[in-house]
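Examination of the molecular architecture
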Amino acid sequence: MQVDKYLFRKRETPTLIDSDTASDDTTAITLASALTNLKAITVVAGNVKFENEIKNAIFTKEYLSLNVPIYAGSRRPLLGIWRTVEEVHGTHGMGNINQIEVKGSVENEFASDAIISLARKYQGELEVFAVSPLTNLALAFLKEPTLPSLIKKIWIMGGAFSRGNTSPLAEFNFWTDPESAQIVLNAGFDITIVPWEVTEESAIVYDDEWEEIKSLGTRRSYLFIKANEIMREFSKSKEGLDGSVHPDSLTVSISYDNSIAVKTSKFYVNVETCGMSRGGMLVDWYNMTGNKPNAEIVLKADREKFVKLLISVLSA
Ligand SMILES: [Ca+2]
């Protein structure tokens, strides 16, 4: 089935993507660079070995001919034991792209410092795609407490309501660095959260759509297919899903077209940092704490519209 085209136009919104670059992160970078005025990629510990994430970010930049600086950030979460998930993303994090050769390198400035200087430079206009553990952003806030007033919006992919993908309760990004997630959520940023379950339902690319993307024959579609192949296998065999899941890409897409978020609501949200529920997202559904809402949560998204936008960008 041929999916209708979504006519998109690049926006001038200055953005930054904070990424643990592996598989779907590269698709999110593709979308962010096609749809917004992407000013920087910052890299943080998460999906795979840090050295490989850096390499993957540089590879993506060079493959897509992007003129965007890359900054290396924190090589580990603030506290706690964590692990990378090569079984999801492939040995190097790029699915079936094994021979990664890159020419360029990262900038000298530390990622959190780059976040602060870009936020200052764009004077409250910068939007951040936080599609990774929140360590770089937490460190930036700890260094510059006025950061929430300098950043227009943080789009967070993270947290699970109850169906964790890394522990029974926790989604990977919040599980990896719950302390940083807690710091960022309580800092006073304008935040929208796209949680795991919403992406499982609405960031999924079914087999017929996958085949359509494969047949597009563009550089972008080739990168999408190759980088996400192993993750797709994992989603199907280990999570019992009917396709590949693209949480980071859905998050960028919602920022571009707010109508992809069909249902949203504002809540006070915190993150558990202890014991077996470490990394669990605590949504104060009935405002029992009396705390002011600190985040908008996407409760339902429009899968068809997301896939339409994705295919249109990949076909260009
Ligand atoms: Ca990510």
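Note that this is a predicted model, so its numbers are computed, not measured.

**Focus on the UniProt feature "domain: Inosine/uridine-preferring nucleoside hydrolase" (unreviewed entry) in the protein**
In the numbering adopted here, UniProt assigns the feature "domain: Inosine/uridine-preferring nucleoside hydrolase" (unreviewed entry) to residues 16–307. The span residues 16–307 is 40% helix and 20% strand, and its two end C-alpha atoms sit 22 Å from each other.

**Overview of the packing of helix α1 (residues 24–35) against helix α12 (residues 247–256)**
The contact between α1 and α12 brings their axes to 7 Å, and the two run at 20°. When the axis of α1 is compared with that of α12, the two are roughly parallel. Between α1 and α12 lies a crossing of right-handed hand. Across from Asp-24, Asp-25, Thr-27, Ala-28, Leu-31, Ala-32 and Leu-35 in α1, the residues of α12 making contact are Pro-247, Asp-248, Ser-249, Thr-251, Val-252, Ser-253 and Tyr-256. Within the contact of α1 with α12, the residues separate by chemical class into seven nonpolar, four polar and three charged.

**Some thoughts on helix α11 (residues 219–237)**
The end-to-end C-alpha separation of α11 is 28 Å, in line with the 27 Å expected for 19 residues at 1.5 Å each. The largest bend along α11 reaches roughly 50° and is located at Glu-229. Among the residues making up α11, those that are buried are Arg-220, Ser-221, Leu-223, Phe-224, Ile-225, Ala-227, Asn-228, Ile-230, Met-231, Arg-232 and Ser-235. Contacts from the buried residues of α11 go to α1, α2 (50–63), α3 (86–89), α10 (207–216), β8 (243–245) and α13 (303–315).

**Overview of the sheet that holds strand β6 (residues 191–194)**
With mixed pairing, eight strands are arranged side by side in an open sheet as β3-β2-β1-β4-β5-β6-β12-β9. This sheet does not close on itself; its edge strands, each paired only once, are β3 (70–72) and β9 (261–267). Going across the sheet, the axis of each strand differs from the next one's by a mean of 20°, ignoring polarity.

**Brief notes about the environment of Ala-34**
Within the secondary structure, Ala-34 is located in helix α1. Judged by the 20 C-beta atoms lying within 10 Å of it, Ala-34 falls in the buried class. Through-space distance from the C-alpha of Ala-34 to that of Glu-125 is 18 Å; in sequence the pair is 91 residues apart. Not counting residues within four places of it along the chain, the set of residues in contact with Ala-34 comprises Lys-10, Val-313 and Ala-316.

**Quick word on the packing of α10 against α11**
Running from amino to carboxyl end, α10 crosses α11 at an angle of 135°, the nearest separation of the two axes being 7 Å. Here α10 lies oblique to α11, going by the angle between them. Relative to α11, the crossing made by α10 is left-handed. Taking contact as the criterion, the partners of Ile-213, Lys-214 and Leu-216 in α10 are, on α11, Ser-221, Phe-224 and Ile-225. A breakdown of the residues in the contact of α10 with α11 according to their chemical character gives four nonpolar, one polar and one charged.

**So, unusual backbone geometry**
Even without glycine at this site, Ser-23 takes up a positive phi of about 25°. In this fold, Ser-23 is placed in the loop between β1 (14–19) and α1. The phi torsion at Gln-123 lies on the positive side, around 45°, for a residue other than glycine. Following the sequence through the fold, Gln-123 ends up in the loop between α4 (111–121) and β4 (126–131).

**Quick notes on the nonpolar core**
Grouped together as the largest cluster of nonpolar side chains are 95 residues, with contacts concentrated most on Ile-17, Ala-32, Ile-115, Phe-129 and Ala-130. When residues in this core are grouped by element, the largest group, seven residues, is from α13. Leave out the neighbours within four places in its chain, and Ala-32 touches Thr-15, Ile-17, Leu-38, Phe-129 and Val-252.

Definitions and cut-offs
Residues numbered from 1 in each chain as written. Predicted model: local features only at pLDDT ≥ 70, side-chain atom pairs only at ≥ 80, totals over all residues. UniProt positions renumbered as here; feature names shortened; annotations may be inferred. Helix = DSSP H or I, 4+ residues; strand = E, 2+ residues; numbered from the N terminus. Axes fitted to C-alpha atoms, helices over the stretch in contact; angles between N-to-C directions. Parallel < 35°, antiparallel > 145°, perpendicular 65-115°, else oblique. Left-handed = near helix turned anticlockwise from the far one by under 90°. Contact = placed C-beta atoms within 7 Å. Nonpolar A, V, L, I, M, F, W, Y, C, P; charged D, E, K, R; others polar. Expected span 1.5 Å × (residues − 1). Bend = angle between axes of the 7 residues up to and from the residue. Buried ≥ 20, exposed ≤ 12 C-beta atoms within 10 Å, placed from the backbone. Pairing = 2+ DSSP bridges. Core = buried A, V, L, I, M, F, W, Y, C linked by C-beta atoms within 7 Å.

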